Amino acid sequence: MNTSNNGVRMRVDVALCQLIPSPGKPEKNKDVVCDLLRKGDADVFVFPEMFLTGYGSPCEGLSERVEACIGEISDLCRMTDRAAVVGTPRYESDLVYNSLAFLSPDGDSWYDKAHLAGFGIYAETGFAPGSAPGMGSYHGMLFGMCICYDIFFPEILHGCSLSGASVNICSAASAIQSKPFLDRILPARALEDVTYMAYINNVGPTNGLDMHGCSRGLDPYGDLLAECGTVPNTVTFTVDTENLEEARR
C-alpha cells in the first residue's frame, strides 16, 4: 500500500486467492491464509466462499475451532499490517450463518449472506439468512461485501458503493453451470456502481459440484484487470483511488 504525501491517494494491492480448501479442516485452511499473509506481496488477501471449512462441509461442532482460527488470522493481520477476507461459518446462539470475515488492522467486520441459494444444484439449508449489509476497512479504504447468489441482487453492492466503498467483493462457490450468468453480471455490477470488483470463486470438485474458478478483478468500468483461470492460482490487481475518482467524474 502507498499513499500520496497529502494522504488522499491510495493504491492497494488485492490478491485473489483461488485455492482449494481442505474440507472440514479449519486449522489447515487457516494455515494457508496465514502463510500468504506472512509471505505474500499484496495488502488485502481475498478467499472463496466458506474457505475456512470448505463449501458444503458440515459446520456442526466446529464453532470453537473456527473462532480460534479466525482469532489467529485476525492477530496476524495486525502484526503484518495486512487484511484477509475469508469465507467462513459464523455462529450466533443456535444459528449458523454463511459469512465473510474482513480481518484488518482497522478492525474486524462481518457480512452474513442474505440470499441463500436453495434451488437446482445448490442447497444451503441449515444456514440462517443475514439481514444487514457489511463493509470492511483497510487503512480507511472501504470494501463492500457480498457472497455468491447475492450478486444477482444489485441493491446490496449498490448500497456499499453509495456508502463509500472503493472495492466490492463477491466471494463465491459457483459451479460451471453458473459461469455464463456470472460473466454477464460481474461487469455490470462494477460499471453500474463505478466501483472496483474483486470476484473470488472456489475451483475444482467441491461437494459434488465442479466449481469454475475464473476469479477476476475488474476496474470501475467493468474491464478485466486480472484473472485466475480455471486452476488453483493467486493473482493480484491494484486499486487506485485517483483512477476511481476520475471514473466517477
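Everything below is about the structure shown above.
Residues numbered from 1 in each chain as written. Predicted model: local features only at pLDDT ≥ 70, side-chain atom pairs only at ≥ 80, totals over all residues. Heavy atoms only, no water.

S.K.: Got a sec to walk through the pattern of salt bridges? Specific residues and values, please.
M.R.: One pass over the full model with this rule turns up 16 salt bridges. Linking Asp 240 and Arg 11 is a salt bridge whose minimum nitrogen-to-oxygen distance equals 3.1 Å. With Asp 240 in strand E15 (residues 233-240) and Arg 11 in strand E2 (residues 10-18), this pair connects stretches of sequence that are 229 residues apart. Overall, Asp 240 belongs to the buried group, its relative accessible area being 5%. In this structure, Arg 249 and Glu 246 form a salt bridge, with 2.7 Å as the shortest nitrogen-oxygen distance. If you follow the salt bridges from partner to partner, you end up with Arg 9, Arg 11, Asp 240 and Glu 242 in one network. (Salt bridge = Lys/Arg side-chain N within 4 Å of Asp/Glu carboxyl O. Helix = DSSP H or I, 4+ residues; strand = E, 2+ residues; numbered from the N terminus. Buried < 20%, exposed > 50% of the residue type's maximum accessible area, 1.4 Å probe, protein only.)

S.K.: Break down unusual backbone geometry for me, citing the residues and quoting the values.
M.R.: For Ser 93, which is not glycine, the phi dihedral falls at a positive 55 degrees. As for its placement among the helices and strands, Ser 93 is situated in the loop between strand E4 (83-92) and strand E5 (95-103). For Ser 93, a relative accessible area of 79% corresponds to the exposed category. Notably, Cys 148 is not glycine yet its phi reads approximately 50 degrees, a positive angle. By the secondary structure assignment, Cys 148 is in the loop between strand E8 (141-147) and helix H3 (155-162).

S.K.: For the side chain of Lys 113, give the residues involved together with the corresponding values.
M.R.: Topologically, Lys 113 is positioned in the loop between strand E6 (109-112) and strand E7 (135-138). Accessibility expressed as a relative area gives 1% for Lys 113, which makes it buried. Here the side chain of Lys 113 touches Glu 124 through a polar contact of 2.9 Å, side chain to side chain. Ignoring sequence-local partners within four residues, the contact set of Lys 113 consists of Glu 49, Asn 98, Glu 124, Ala 128, Pro 129, Gly 130, Ile 147, Cys 148, Tyr 149 and Asp 150. (Polar contact = N/O pair within 3.5 Å; in protein donor to acceptor, adjacent residues only side chain to side chain. Contact = heavy atoms within 4.5 Å.)

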